[in-house]
Amino acid sequence: MNPAINTAVGGGMAPVATTFFFYLLGGLAIAGGLAVITRRNAVHSALSLIVTLLSVAGLYLMLYAPFVAGVQIIVYAGGIMVLFLFVIMLVNVETSSKERQFNRIWPIGLVAACTLLALFMSAFTKGKALFPDRMVTLAEGSNTQQIANMLYGEAGRMGPYTFAFEIASLLLLVAILGAVIMTKKKI
Amino acid sequence: MAPITTLHYLVVAAALFVLGVIGVLTRRNVVIVLMSIELILNAVNLNLVAFSRMWGNLHGQVFAIFIIVDAAAEAAAGLGILIAFFRNKETINVDEIDLLKW
Amino acid sequence: MPNFIMSYLGSTVTPGQAGNQFWALIYVLIIFAGVSVAVMAMNWLERKSLAHFQIRLGPMRVGPHGLLQPFADALKLMLKEDIIPAEADQFVFWIAPLIGLLASFTVYTVIPFGPSEAVSDMNIGILFMLGISSLAVLGIVVAGWASNSHYPLIGALRSSAQMVSYEVAMGLAVVSAILMTSLNEKGTGTLSMIGIVQAQQQQGIWFIFKFFPLGFLAFAIFAVAMVAETNRAPFDMAEAESELTAGYHTEYSGFRWSLFMLAEYAAMIAVSSIAVTLWLGGWMRPFPNLLHAPAWDFIFSLFPGLTFGGLAAIAVLGTVRMPSHSFFKIQRFGLAAFAALLGFIALLLLVIALAGRSADASLAARFSEGIGHVYWFMLKVAVFMYLFIWYRATWPRYRFDQLMRIGWKVMLPISLGVLMLTAIVGVIIS
């Protein structure tokens, strides 16, 4: 039996008003996404993206993934968006918010995106039989522990993602070095 | 109302993905294009975590954590490129970043 | 419905764990009221303490010894004209103080005042607190940008760069404390705030003293980083009046400015609570394992009443020493009434402590225990608050490049070293 699955409902605490919160958070996320791609002002787009990121973190909490939700808030909303806001303020060209916002071939882009959406919808309707009816309830209390077991390994063996974890740290190091070198005035 | 199934989360993720694709394809401001890329990555993450719950193991969540780490690195690198380019050409329009065009 | 309300009253878990939304709401309201009162008290304490440090008296006129000064300040700020710069972005200007306020107040959901006196005990408690307090940076950046003026913009960018830099050292110090929670026989630690204090209780030692000096170094790094994180002296270059004309909140007037101050003091109390929970044993009284006889329990349970009795005695002393001139009649009467109030609270607490002397689960015993938990927690947080004021009075400001140099070149390596050494020592010992 997979230790990740907890057959008790909610792990001892019943979830409350799931439908209401799903529609609220999902609606907020999509509204935020719409605002990101349509706002003229880049700071408004950044603030809408923060709303989207926080709603998606809430959706993670509803999917019994508290650790991913915490990482999302710390890294995405608290780190990456601060970086975006800094850069927006550094490159704030006054004329950019008065120029044309959408490029010349925007109808083609819109058609391509709608085709993609139609593809997704047809995949969902045709493949509905693939999804099992029962929504499994993951054990929320030991979520961090189990993710740590997968990342770091347990009982002396390497976990399935230990190597990927080390490579990810190398990736971050390379990104730090790249960002520092690219923004230096004299290399 | 019907109980919330995995399909509901997948639909939200698909909507976010398509919104991100529209942003990447149609906007002229480079920072907003980068933010649309972040939207795409978030849609993929939501997909992964929803499937992780469906199957009952945590592989999806661990993969989502790696994608968040990757998005941080990519945002840093992308914004660094943007700042370096802005120093040269004083513009943040995608249309005008065409120095290598024939 | 009354069953739902009454069903929580005997439980030993937080309302969030028990799924009882009514009591969670009650706790949230109590915390909100308590934090507002605490912020006003901090305001008064700061002005009086700074004044006494500088050998002057501070506010003396509004109430007896200036005790009603915060109310006068709040009234003034609410009645002031609300000026918005002409070219400022209206919506963003309005929303910026709200972001900081929301971030600073949301962390109170997981602060444990006792083993069951918290709104909710999330099992990612400390992760949640670190994440939400990193959202406060966004409020500052946006506030500086929305003011459409260069002093606020530079102040906001400096302030947020400082906060982001010291968040790294803070996070690493927190991780090294979390590592210590895993030194039990199961080998697994916990991220929940209540679990961290219970780990300290079980291991019989406050984490500040564990693996000396590693626990103390981690605590010291967190103590410095939290002062920088809340933009307080000596790291308040970004909002100091002589430097940048009040930095990111220059253009905010009246009530909006008071929202920023409220967010700042609330953030101070929140990060002090993190420090108290992680290193100083949270709600535990001193020496819970060493001196665990019922007599010692009784003596320590008298402390809340005795503290309020001491405060009442100081107020009585102030009343007696007030000049016996007819101009001071109202102040004398007011201070005497305040002393009577404090004395009444002291008497109430002493009665509860006496009635709950036996260790059975009677109502008075549970009340006394709960009051004891909250009291010791608040006492330790109050020590930190006084330290914040002391730092501001005593130390000169750091220049901004010195500040960033310390954050990256001193705190980060030390905290990394402490983390590695804690991990090595933990593995060796277990």
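Chemist: Tell me about the packing of aromatic side chains, and name the residues and values.
Modeler: For the coordinates displayed, the defined rule picks out 28 aromatic pairs over all chains. Consider the rings of Phe-32 of chain C and Phe-105 of chain C, whose centres lie 5.2 Å apart with planes at 50°: the pair is tilted. Note that Phe-32 of chain C is positioned in helix H3 (residues 21-53) and Phe-105 of chain C in helix H5 (residues 90-106), a separation of 73 residues in sequence. With a centroid separation of 5.3 Å and an interplanar angle of 40°, the aromatic rings of Phe-303 of chain C and Trp-376 of chain C are classed as tilted. One end of the pair, Phe-303 of chain C, is in helix H14 (residues 303-321); the other, Trp-376 of chain C, is in helix H16 (residues 363-394), and 73 residues separate them in sequence. Members of the aromatic cluster, connected to one another through ring pairs, are Phe-212, Phe-216, Phe-219, Phe-222, Trp-279 and Phe-384 of chain C. For the cation-ring pair, Arg-27 of chain B lies above Phe-102 of chain A, with the distance from its terminal atom to the ring centre recorded as 5.2 Å. The lysine or arginine in question, Lys-210 of chain C, covers the ring of Phe-211 of chain C, its NZ or CZ lying 5.3 Å from the ring centre.

Chemist: An account of the side chain of Arg-28 of chain B is requested, with residue identities and associated values reported.
Modeler: Counting through the fold element by element, Arg-28 of chain B comes out in the loop between helix H1 (6-26) and helix H2 (30-55). Of the residues examined, Arg-28 of chain B reaches a relative accessible area of 8% and is grouped as buried. At 2.8 Å, the side chain of Arg-28 of chain B and the side chain of Asp-95 of chain B are in polar contact. Among all residues touching Arg-28 of chain B, those that are not within four sequence positions of it are Glu-99, Arg-100, Gln-101, Phe-102 and Asn-103 of chain A together with Ile-92, Asn-93, Val-94, Asp-95 and Glu-96 of chain B.

Chemist: Can you break down the domain arrangement of chain A residue by residue, with the values?
Modeler: Residues and elements named next belong to chain A. Taken domain by domain, chain A holds domain 1 (17-95) and domain 2 (137-187). Taken over C-alpha atoms, the centre of domain 1 sits 23 Å from the centre of domain 2. Listed by partner, the interface residues are five residues for domain 1 and six residues for domain 2. When domain 1 packs against domain 2, close to 570 Å² is buried across both sides, 69% of that on carbon and sulfur atoms.

Chemist: Tell me about the side chain of Gln-162 of chain C, and please be specific about residues and values.
Modeler: All names here are of chain C. Locating Gln-162 in the fold gives a position in helix H8 (residues 150-180). A relative accessible area of 0% means that Gln-162 is categorised as buried. Beyond its immediate chain neighbours, meaning those up to four positions away, Gln-162 contacts Ala-228, Asn-231, Phe-235, Phe-400, Leu-403 and Met-404.

Reading guide: rules and limits
Residues numbered from 1 in each chain as written. Chains lettered and ligands numbered in written order. Predicted model: local features only at pLDDT ≥ 70, side-chain atom pairs only at ≥ 80, totals over all residues. Heavy atoms only, no water. Phe/Tyr/Trp six-rings, centres within 6.5 Å; stacked < 30°, edge-to-face > 60°. Helix = DSSP H or I, 4+ residues; strand = E, 2+ residues; numbered from the N terminus. Lys NZ or Arg CZ within 6 Å of the ring centre and 35° of its normal. Buried < 20%, exposed > 50% of the residue type's maximum accessible area, 1.4 Å probe, protein only. Polar contact = N/O pair within 3.5 Å; in protein donor to acceptor, adjacent residues only side chain to side chain. Contact = heavy atoms within 4.5 Å. Domains from an automatic or database assignment. Buried area = accessible area lost by both parts, 1.4 Å probe.

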